[in-house]
Each structure stands twice: as structure tokens, then as C-alpha cells.
Amino acid sequence: MMVEPAERPISCASCGGEVADAICAACNALQPPGQIDHFARLGVDRSYAVDPAALERAYFAAQRRFHPDRFAGRGAKEKTFSLQHATLINEAYETLRDPLARARYLLELEGRPLPGGDGQTIADPELLMAAMEWREALEEAETPDQIADIARRLVAETGEVEAALGTAFAAHDLDSAIHEALRLSYLVKLGSELKRRRAPGLARI
Amino acid sequence: MLLDIHEPGQTPLPHAGESDTAAVGIDLGTTNSLVALSLDGKPEILRDALGDGIVPSVVAYLEGEDEPVVGRVAMRIMEAEPEAVVASVKRLMGRGTGDVAVLGGHLAQKIHDDGPGDGTEGGMVKLDVGGRVVSPVEVSAEILRTLRQRAEMALGKGVDRAVITVPAYFDDSARTATRDAARLAGLEVLRLVNEPTAAALAYGLDRGAEGLYAVYDLGGGTFDVSLLKLEKGVFQVLATGGDAALGGDDLDRALAQHLIDARGDAIAAGDVKPVLATARRAKEMLTDAEKVEVDLDFGGKATRHVVTRAEFEALIAPLVARTTEAAGAVLHDAGVEAGALSGVVLVGGSTRVPLVRAEVARVFGRAPLGDIDPDEVVALGAALQAEALTRGSDTLLLDVVPLSLGLETMGGLIEKVIPRNTPIPVSRAQDFTTYQDGQSAMAIHVVQGEREMVDQNRSLARFVLAGIPPMVAGAARIRVTFTVDADGLLTVTAREAGTGVEAHVEVKPSYGLSEEEMGDMLRASLENARADVTTRLLAEARVDARRLILALESALAVDGDLLSAEERGGIDDARAALETAMAGEDRETVIAATEALETAGRPFAERRMDRNIRRALSGVEVSRLESRLQAG
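Looking at unusual backbone geometry
Residue and element names in this part refer to chain B. Each neighbour pair has its own omega, and for Ile-424 with Pro-425 the value is 0 degrees, a cis peptide bond. Structurally, Pro-425 is set in the loop between β22 (414–418) and β23 (426–432). At Ser-88, a position not held by glycine, the phi torsion is positive, near 50 degrees. Relative to the assigned elements, Ser-88 resides in the loop between β8 (85–87) and α2 (100–103). The class for Ser-88 is buried, based on 20 C-beta atoms found within 10 Å. We note that Asn-421 has phi near 70 degrees; this positive angle belongs to a residue other than glycine. On the secondary structure map, Asn-421 appears in the loop between β22 and β23.

Here it is, written out as C-alpha cells:
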């Protein structure tokens, strides 16, 4: 999406021999990254349910193999390829580790992208009502205890929504998945607002 | 269509695998710089013949000398000829003339004035020093060249590649300036590594540590705090923060200001540097001592001051509080509780200050690790990374973008394209469109920082995407892509995607060196083809010797009566021996003769000091007497 990777050549970008892997078995040269989805890039199953520890292991393993630090002594072409690989691996990891980004991405792969961008409008009246109630509660909260209470409820509801997303994707019920993903998107927004309110003195820039 | 904000001509690696040259790690610090080499995972600081590992980041440009003088010798020159010396140049790396106002009070250098500007953003800051105009990049290149020569002397072979550390909070132009300086010094930069990451590397590899670590790095001129996750040889930076305009120098400055205030009179600009140096020594002594006595002698008045550790701590407490606040914010950013940390690593000489240690322990809830010298830990980590990059290694550094990168949009607002703490390398795109019918160009302004408005952030580059075919407003699709490589360097591309028509980009970097300036400097440095290392070191020893002789001459003119004829004879003999040595070509002989003259002159220096103190004290008594007489 972000970087347009070249098609994986059938022949090695370096020695011209046939290659089946990202690293040529014959001459050990790194090949340009192929157009594969984020799950395939990290070598994990395509599913909403993701084990964070397993995902991180897969991410580290992929970076160990392709990071530019591994190709510092190689030619300019391989250096560029490794930079492309590492960039795509980071993008894959950043997308899949985040519950909302992962849901969005899966919906995109299914050809049912989530409506609206960041400044999205919520069309579903039930969702709209719930979002407004949350917002009011946050605005009225004054003491640290009240804010902490909202934070606890937010964490609990986020957990419920993520579980519902897992069920929806597993059953390939995309309508429910879209509904839950929208719910998650406003919970996430609320969460970052809450975090700002609890911030201990902003970092100086 | 590629717009390189960083220096575009990447040097390909000249030799792969084994080679006759070495790759070193360099800590290019605000106050001190070091160079280290790692062999088989064991890094070591490279020292000079006298065992000294530190090269003070001080460069002196003496009138009538082609070669600038770097390090301890330059530091000694600072007291006599402050206007010929540049210190703390790192604070100016990548800074534009527009930034100087912000740093104004912190600068001991005179900024070169090009005359009335042309109203544009202005180029890189230049300094007036010793009758020359130099850029911070050139000054840093001199320090790097000295480190390179030190390494070559220590290793007996060429050194042409290095991992150089930079503060995590260095912005893009400062990183670019550092790369440019290395290029001028004949060093290929294998990788720019963030200082806290290098420090963690030095600790982590040693002990196979795992878990979450915080690195608190109070350097001479910058403060960084980073949170790293160490796991099976992977060093993953989770969050980083800090203050690019706060450092150990500020502790010295606070104490110096206090001393000057206590004297109650004005101080000439030329006297500031020696007072700062005195304050720095006092700070260092207060690490172990409960109180110190400080002598100041300038403006025709000598004063003695007593500073207790408690007084010093009260002076620096607000500064230390700024660092612990930033540390708390980084933990918060990463959503990590202090209790989850496995350890805290200290970097920078100022972390020896007891108050700093105590406050770090308080905010992180544990005593910091301190068994690697905080002055050396960064260079050692850089050396390990240099070895990893050239020989291969199982460790892997995964770093992040320290400051958000974005674009100016309508109304001076910022659209963040890459938020801070995003893992690098990274590439992100954002689509924009035209807002007027038939609009054929779009101005793109790249900024860095966390604030909402453009003018509160740092401007990195401006360019214009021209040649957009005429369309109705909102029909053009302009995709702006930000790419940050593994060094943290940014490239920005812009293309009109809708029509596929080739568009044109004009580049106008706000700061940094233009290719032309860079070319001129490279040519200049080749023309004065560098004397080989030995000649240069010999020149330094001679300069040092000459300073000593001059200082002695002026002292003898004033206080020569303190010496007996016999004592005077001894000093004259030592001086004659030094002059003979200086005429020769052997550096060691010059150094030995310099030391001999210093030794011979020591009783004289002590007697002068006594006399000065007596003069000062008798002055005090007279004035007291006078006030009593008046009161009576």
C-alpha cells in the first residue's frame, strides 16, 4: 500500500538463476520484496486472533533476516532491497499488532474497507448514542478517581469488542465485524483522550 | 521525482568483508569525544600514548597556523585566547541562522554575520573564530579527524569507517550535518546510532540482559531518555524523549551564574569561559566533597567562594526536575509503569552528580546501574555496533523516529505523517489535493516536532511540486511519501498520481549544507592535503609548548622578584631545553621538555598564587577597617 514493491522476479536479481526464496540459494543475494500480505510477510496465519508474543517473535525473526544492518557490507542494490524489506516488515508488524489497525486491514483484504477515515462520521444511531454517553462521562469526570473509573470501564469494553471482532471474523460475518470495528475506533479515540488527560507534564520538544 | 533532504550521494561500501582498514565506534559528544574498537565482542576505548581516552570537543583556530588544534591543547588555549576557540559546537549542528536567537544566551562563540539577509530562512550558522569563518560541520570534522588519527595511531592501520552516535533527540538536519562532518573527515558512516541505544548495547551484550531498560543520558548539551526492550539479542527502542537544549553544561552554567552574582559585578564576555571551566571543576569535586572552595580571578579582582553540596543542589534542582519530568513522560508514552523496569542505565559525566542519581532512582523506583564508566559507555556501544555491521553479529537494533514528522496544511496547522516512536525504517504516504481550479503548483513544507502549529516546530525543508496539469479544485491527487531509513534520515517524495503526468520538484532545504558548499569544503580539505598524523601531533605539542613559554614570560615580568637567582636559572635552563626540543622533530621530546618546564615553574606558580591571595585579603581588611572607622 505504502511502498509499491516490485514483483518477485522468477530469476535472481543478482546471478540470474532461478529463485524461490527472498534470498537466492545459489548466490546468497537478497531479492526485492514481493507483493504479499502482512500476515504472509511475517509468516503468521491470516486471522483476527493474534497471539502478541508469537507475533513479536515472528517480527524479530523477520527483521533479523532482512534488516539493513545485516546488509551493511553488501552492494547498493541489496542494501536498497533490505531497506524495502525492513520497511514492509515494520509496516506489517505495526498494522497487525494493533487491534483496530488489524481489523481495518482484514476488512480491506476482504474488499469491505471500513467507512470513513480518522475524522469519520458514525451513521449507526446506536453507536452514535453510546459514543456520546462516553464523551459526556469523560467531560464530567474531574477527580483522578473518576477518570480512573472511566479508564477501567474503557479497558473492559475494549476487551469485549475485541472478542466480538474475533468471533465475527472467525465466522466471516463481515457486517458484524464492521460494526464492532467502528465501535473499537471510537473507544480507541476516547482512550487517547483519556491518556492525554492523565499525562504527567508534557514532554518538552 | 526523489527529493533527498539528506545528503544524496551515498557512498557505496568500498570493501566488503575482511579489509586492511578498521571500523570504529565514535561518541561525538558536546563536551568530550571518544573512539573505540571492538574485536570479538570486546570493545575498548582507544587511547593516546599517555593513556588518555578523552578528546575534549574543543577546536582552536590560531592565527598564523594552518592546522587547527583539537582537544586538551585547544582547551588550554581557551583560557588565554577564548576568541580563537570553539567549544560545544554540537549544540549548533544543523542549526540555521534563525535558530541562533533561541540558543543566544548559551553560546560562547561569536556568530558570523553575513550582513543584511535576503529575507529567506537563512543558511547554516557560521562562526567567527581566530580570524576565520567556519561552519559547525567543519569544526566537528576536525574533532572526527583527530579521533580518526588517534585510532590509526593506536591500531597501526587505516580507519575509514565508523558508527557515530547522535542524541536520540537529534533532528533530521543535525543528523545530516553529522554525516557531512564525517565525510569531510574521510570517514564513511556505517550507521548513525542513537546514544542511548549504544549505551544499552554496551550493557546488554555484556550480560545477556533481558527485559525493559531505561537509559537516562545527561550529556554535555543534550538530554535523552529512552525505553528499550532487550530480548534474545534484539534491542528494541519502545519510546524516546528528552530535551535537545538541556545538558550537563547547564549545571555548570547555573553554578557559574551563582558565583558571578555573588561577586556582584559585571563580567566581560571574554571571562565567561574560564568561570565556566571553574564551575565545572567545582561540580565534579562536589560529587565526593561536601563543600568546595572556588577561586575566581577576573576583572582585576580575585575572590574566593565556598559552595556546599546542598547549595549546588538547590541551584540545579529545577534543571534536574526537567529531566525527571521528561523521563516520566516517556514511561507514560510507552504505557509502562516504573515497576516493570529491569534496570536503569546512566550515560554522561553529569550523571555522577549525587542529586541526579538520587532523582533518577526516585523516578524509576530503583538504583541505576553504574558499573560501566558513563563517559565511555556510548563509544563502547558504538564500537560493538561497528563490529556487528562489518563482521556480522546476532544482535539487532530496532530504533524509532524520535520526533513526529509532518506537513504544514492550511492555516499553519500540522498534519502528522509519521508519529514519534514509529519503528524505522518506515515509509508512509498521505494524499493531498488542490484547492483552486487550474492550480498548477503546490508548496510542500516538511516539519518536525510535536506541537500543533507549524511555527512551534522545526522546519526541515520546503519545496514546490510544479507542473500539475490544470484540473478542477480537488481533482488532483498528490501523494507525499515520507521515508525514514535505518539511520533516521528522512527523504520526502511528492508526485501527482491522478494523471501520470511527469511533475517537477524544486528543492529548497531550509538548513544544512547545499551540495555546492559541501563540494567546496571537500575540495578545500583536499587542497591543504593533510599533514600526516605524526606531523600534526608534533605541531600540537609545539603549540602547547609555546603557550607555556608565553605564560611563563608574562608571569616573570610581573612577579619575577619572587625567585632567587638560582631558581630563575633553573627555569631558564628548562626553557632553553624546551626551545631546543621544539626546534627538533620529535614529539615525545617536546612533551617531556614541556613537562620539565612545568615542574620547574611550579614553586614559582605557587608563590604567585600566595601573593595574589594576600593582596586580595589585605584589600578586604582595609575596606573593613574603613567601614568600622566610618561607623565609629
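Here's the deal with the environment of Ala-61 of chain A
Residue and element names in this part refer to chain A. Tracing the chain through its elements places Ala-61 in helix α2 (residues 52–66). Under the C-beta neighbour-count criterion, Ala-61 is labelled partly exposed, with 14 such atoms within 10 Å. For the pair Ala-61 and His-85, spaced 24 residues apart in sequence, the C-alpha separation works out to 13 Å.

Comments concerning the environment of Arg-91 of chain B
By secondary structure assignment, the location of Arg-91 of chain B is in the loop between β8 and α2. Measuring from C-alpha to C-alpha, the distance between Arg-91 of chain B and Gly-221 of chain B comes to 6.4 Å, with 130 residues separating the pair along the chain.

Focus on the pairing of strand β2 (residues 22–28) of chain B
All names here are of chain B. Extensive coverage of β2 is indicated by the burial of seven of its seven residues. The side-chain alternation of β2 yields two buried faces, one formed by Ala-22, Val-24, Ile-26 and Leu-28 and the other by Ala-23, Gly-25 and Asp-27. Note that β2 and strand β12 (residues 159–166) share six bridges and pair parallel. Each residue of the ladder has a partner; that of Asp-27, found in β12, is Thr-165. Looking at chain direction, β2 and strand β3 (residues 32–39) are connected through four bridges and run antiparallel. Bridge assignment links Ile-26 to a residue of β3, and that residue is Val-35. Hairpin connection between β2 and β3: a loop of three residues separates the two successive antiparallel strands.

Digging into the confidence of the model for chain B
All names here are of chain B. In this model, chain B carries an average pLDDT of 81, and 83% of its residues clear a pLDDT of 70 or more. Considering only residues more than four positions removed or in separate chains, one finds that residues 102–106, a stretch of pLDDT under 50, has two contacts. When the criterion is pLDDT under 50, residues 506–511 qualifies, and its contacts beyond four places in sequence or with other chains add up to 20 contacts. As a predicted assembly, this complex carries a pTM of 0.74 together with an ipTM value of 0.83.

Remarks on the sheet that holds strand β6 (residues 58–60) of chain B
Residue and element names in this part refer to chain B. Across the sheet, three strands lie side by side as β7-β6-β8; this open sheet has antiparallel pairing. Looking at the sheet topology across the chains shown, the edges are occupied by β7 (69–70) and β8. Pairing of β6 with β8, which is carried by three bridges, proceeds in the antiparallel orientation. Directly across from Val-59, in β8, lies its bridge partner Val-86. Helix α1 (residues 72–80) rests against β6, β7 and β8 of the sheet, and its axis sits at about 70 degrees to β6.

Focus on the nonpolar core
Val-24, Ala-36 and Ala-162 of chain B are the most contacted members of the largest nonpolar core, which totals 170 residues. With ten residues, the single largest contributor to this core is helix α10 (residues 377–391) of chain B. With residues up to four places along the chain from it excluded, the contact list for Ala-162 of chain B reads Ala-23, Val-24, Gly-25, Ile-26, Ala-182, Leu-187, Val-189, Leu-190 and Ala-386 of chain B. Formed by 16 residues, the second largest nonpolar core is a distinct cluster that contains Leu-100, Ala-103, Trp-134 and Ala-181 of chain A.

Remarks on helix α5 (residues 125–140) of chain A
The terminal C-alpha atoms of α5 of chain A, which comprises 16 residues, lie 23 Å apart, in line with the 22 Å expected from a rise of 1.5 Å per residue. Here α5 of chain A lies mainly on the outside; one of its 16 residues are buried.

Thoughts on the domain arrangement of chain A
As far as domains go, chain A holds domain 1 (1–97) and domain 2 (119–198). Look at where the C-alpha atoms of domain 1 of chain A and domain 2 of chain A centre, and you get two points 35 Å apart.

Parameters at a glance
- Residues numbered from 1 in each chain as written.
- Chains lettered and ligands numbered in written order.
- Predicted model: local features only at pLDDT ≥ 70, side-chain atom pairs only at ≥ 80, totals over all residues.
- Helix = DSSP H or I, 4+ residues; strand = E, 2+ residues; numbered from the N terminus.
- Buried ≥ 20, exposed ≤ 12 C-beta atoms within 10 Å, placed from the backbone.
- Pairing = 2+ DSSP bridges.
- pLDDT = per-residue confidence, 0-100.
- Contact = placed C-beta atoms within 7 Å.
- Axes fitted to C-alpha atoms, helices over the stretch in contact; angles between N-to-C directions.
- Core = buried A, V, L, I, M, F, W, Y, C linked by C-beta atoms within 7 Å.
- Expected span 1.5 Å × (residues − 1).
- Domains from an automatic or database assignment.

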